[in-house]
Amino acid sequence: MRKWIVLAGGLVASAAVFLAARLHVPTLMGIGPGYSAEIVCACVFVSGRTPASCAGDLDSLSRRLVSVSIAPATGSVTARSLGLVRRTARYRDGYGCALDD
């Protein structure tokens, strides 16, 4: 009986890894923080709005899953998702905001 439980657990874990790879989950996890960093960067540094007014520009799922921090001294915005993925957008005068590599 115990052998079957271990075998079933292994099959479920293998199926989850296969499905995550097939759906490109790591790539998709980077989209939310990247989008949030870019939008907030443009909102704050290009449009000159306050960070509080920019929060409404993000969709409700991004507001729940992505944390955003703004560094006015460096002109950058860093967004983190679930503590796993971090993306930073920087403002460059004359060019606007762009994500760092």
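For the structure, check the block above.
Residues numbered from 1 in each chain as written. Predicted model: local features only at pLDDT ≥ 70, side-chain atom pairs only at ≥ 80, totals over all residues. Heavy atoms only, no water.

Q: Explain the overall build of the protein chain residue by residue, including any values.
A: Across its full length, the protein chain carries 4 helices and 4 strands. When the helices and strands of the protein chain are listed from N to C terminus, the series reads α-α-α-α-β-β-β-β. Relative to the compact-globule value of 13 Å for 101 residues, the protein chain shows a C-alpha radius of gyration of 19 Å, a clear excess of over 25%. Each of the three principal axes of the protein chain carries a C-alpha extent, and together these read 65 × 25 × 20 Å. Within the protein chain, the proportion of its 101 residues that are buried is 25%. For the protein chain, the accessible area works out to roughly 7100 Å², and carbon and sulfur atoms hold 64% of it. The distance from the centre of the 11 positive side-chain charges to the centre of the 6 negative ones in the protein chain is 16 Å. (Helix = DSSP H or I, 4+ residues; strand = E, 2+ residues; numbered from the N terminus. Rg over C-alpha atoms; globule rule 2.2 N^0.38 Å. Buried < 20%, exposed > 50% of the residue type's maximum accessible area, 1.4 Å probe, protein only. Areas by Shrake-Rupley, 256 points an atom, 1.4 Å probe, with all protein chains shown as cover. Lys, Arg positive; Asp, Glu negative; His and termini not counted. Charge placed at Lys NZ, Arg CZ, Asp CG, Glu CD.)

Q: Can you tell me about the sheet that holds strand 3 (residues 85-92), naming the residues and giving the values?
A: In space, the 4 strands of this open sheet follow the order 1-2-3-4, with antiparallel pairing throughout. At either end of the open sheet lies a strand with only one pairing partner, and these are strand 1 (66-71) and strand 4 (96-99). Each strand axis lies, on average, 20° off the axis of its neighbour in the sheet, ignoring direction. Alignment of strand 1 against strand 2 (residues 76-81), held across 6 bridges, turns out to be antiparallel. Within strand 2, the position partnered with A71 by the bridge is S76. (Pairing = 2+ DSSP bridges. Axes fitted to C-alpha atoms, helices over the stretch in contact; angles between N-to-C directions.)

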